[in-house]
Amino acid sequence: MKELTPEQIQHNWSNLRQLIDVNFSGERLEKLNTMYDYFEERMCIAPASGKEHFHNAHAGGYVEHVIHVTTSALKIKPIWEQSGASIDFTDEELVMAALHHDLGKVGDLSEDNYVPNDSEWHRKNQGLVYKHNPRLEYMTVTDRALYLLQHFNVKLTNNEYIGLRLTDGMYEEANKSYYIGYSADRSLKTNIAYILHQADMMATHIEFDQWKRGDHLKKVVKQEEVKQKTQQSDDTAQFEDLAWVEMTADKTITCLLYTSDAADEEDSVDLGGRRI
């Protein structure tokens, strides 16, 4: 199973909050920050799904997924526009819908949507890492997302509502009547839902491919190799420092350091260093 380090979880959370700060302003930003402050402890470790072979069924998977969907949507939108599609919505509306299409996966105001599966057999044989919380009032993920936004007085534009409501495409049975209109009058008036659904599918399938290839395992191995090399380098440096101390213990050494006039005006002198 994929696992994120505490540092990666914190990094993703910081990126999510930055996305919010950059794309929203005024009263809307204030209300969104209130909501994210309220959910921070639970949201930053929430998974995006319950089954290992689905997408991002790991702690921190939810935040990682909505960031992927949002960045994918912002990449896909220009392709549609350059290809001749009508774009009648703003980037703010696109980001708003992308960031919150799965908000219901966090749970309600007091209960998580997913809880760790206490059945080792199901975890091992079916990959059911998490199960739905039986204490949670049943709602679809989308309905709960809309409920939570209205609870925190976050208003949506028509485009944002349509986009958020339909991001799951026809994987959600309730969306069928929106996508299949047998007359021009009933067809969607905006392309935001199509772009968001593409972005969600793109992110989901890439996350699945990464899990299938074991990319996260390769990253863990690489990080461990870097850590070992860093430790070896530090041990070597520590040994050399110790040898220097022993060699100079009974000696007095006078050292004159000459620097340029330009360097003399700085607060410090760089004698060399490294960045890992």
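Above this note sits the structure.
Residues numbered from 1 in each chain as written. Predicted model: local features only at pLDDT ≥ 70, side-chain atom pairs only at ≥ 80, totals over all residues. Heavy atoms only, no water.

Visitor: I'd like a description of the overall build of the protein chain, backed by residues and values.
Guide: In terms of helices and strands, the protein chain carries 11 helices and 2 strands. The buried share of the protein chain, taken over its 276 residues, is 39%. Within the protein chain, contacts between residues at least 6 apart in sequence are counted, and of these 65% link residues at least 24 apart. (Helix = DSSP H or I, 4+ residues; strand = E, 2+ residues; numbered from the N terminus. Buried < 20%, exposed > 50% of the residue type's maximum accessible area, 1.4 Å probe, protein only. Contact = heavy atoms within 4.5 Å.)

Visitor: Which residues make up the environment of Asp-37, and what are the values?
Guide: Looking at the element boundaries, Asp-37 is found in helix 2 (residues 26–43). Considered as a pair, Asp-37 and Arg-17 are 20 residues apart in the sequence and their alpha carbons are 9.8 Å apart. One polar contact links Asp-37 to Arg-17, side chain to side chain, over a distance of 3.0 Å. (Polar contact = N/O pair within 3.5 Å; in protein donor to acceptor, adjacent residues only side chain to side chain.)

Visitor: Before we move on, can you summarise the nonpolar core with the specific residues and values?
Guide: Grouped together as the largest cluster of nonpolar side chains are 43 residues, with contacts concentrated most on Leu-16, Met-43 and Leu-103. Only helix 1 (6–23), helix 2, helix 3 (61–82), helix 4 (91–100), helix 6 (141–151) and helix 9 (192–213) provide two or more residues apiece to this core. Top element by residues in this core is helix 3. It accounts for 7 residues. Among all residues touching Met-43, those that are not within four sequence positions of it are Trp-13, Leu-16, Tyr-36, Tyr-62, Val-63, Leu-103 and Val-106. Ranked by size, the runner-up nonpolar core spans 5 residues in total, among them Ile-162, Tyr-179, Leu-188 and Ala-193. (Core = buried A, V, L, I, M, F, W, Y, C linked by side-chain atoms within 4.5 Å.)

Visitor: Lay out the pattern of salt bridges with the relevant residues and their values.
Guide: Considering all chains together, one arrives at 9 salt bridges under this definition. Linking Arg-28 and Glu-92 is a salt bridge whose minimum nitrogen-to-oxygen distance equals 3.1 Å. Taken together, the positions of Arg-28 in helix 2 and Glu-92 in helix 4 put the pair 64 residues apart, joining distant regions of the chain. According to the relative accessible area criterion, Arg-28 is buried, its value standing at 17%. Of the charged contacts in the structure, one is a salt bridge between Lys-105 and Asp-102, with a shortest N-O distance of 3.4 Å. For Asp-102, a relative accessible area of 3% gives the class buried. One continuous salt-bridge network, built from bridges that share partners, spans Arg-28, Glu-92 and Glu-160. (Salt bridge = Lys/Arg side-chain N within 4 Å of Asp/Glu carboxyl O.)

Visitor: For the packing of aromatic side chains, give the residues involved together with the corresponding values.
Guide: Overall, the coordinates contain 8 aromatic pairs when judged by the stated rule. Judged by centre distance (5.7 Å) and plane angle (40 degrees), the rings of Phe-208 and Trp-211 are tilted. Taken together, the residues span about one helical turn, with Phe-208 and Trp-211 both in helix 9 at a distance of 3 residues. Here the aromatic residues Tyr-38, Phe-39 and Phe-152 are joined through ring pairs into a cluster of three or more. (Phe/Tyr/Trp six-rings, centres within 6.5 Å; stacked < 30°, edge-to-face > 60°.)

Visitor: Give a description of the packing of helix 7 (residues 158–166) against helix 9 that names residues and reports values.
Guide: Running from N to C, helix 7 and helix 9 point in directions that differ by 35 degrees, and their axes come no closer than 8 Å. Crossing of helix 7 against helix 9: the hand is right-handed. Residues Asn-159, Ile-162, Gly-163, Leu-164 and Leu-166 of helix 7 form the contact with helix 9, whose participating residues are Ile-192, Ala-193, Leu-196 and His-197. Looking at side-chain class alone, the contact of helix 7 with helix 9 contains 6 nonpolar, 3 polar and no charged residues. (Axes fitted to C-alpha atoms, helices over the stretch in contact; angles between N-to-C directions. Left-handed = near helix turned anticlockwise from the far one by under 90°. Nonpolar A, V, L, I, M, F, W, Y, C, P; charged D, E, K, R; others polar.)

Visitor: If you had to explain helix 6 to someone new, which residues and values would you point to?
Guide: If you check which residues of helix 6 are buried, you get Thr-142, Arg-144, Ala-145, Leu-146, Leu-148 and Leu-149. Where helix 6 is buried, its residues touch helix 2, helix 4 and helix 7. Once helix 6 ends, the next one or two residues include Asn-153, with phi positive near 60 degrees.

Just geometry here; none of it tells us what the structure is for.
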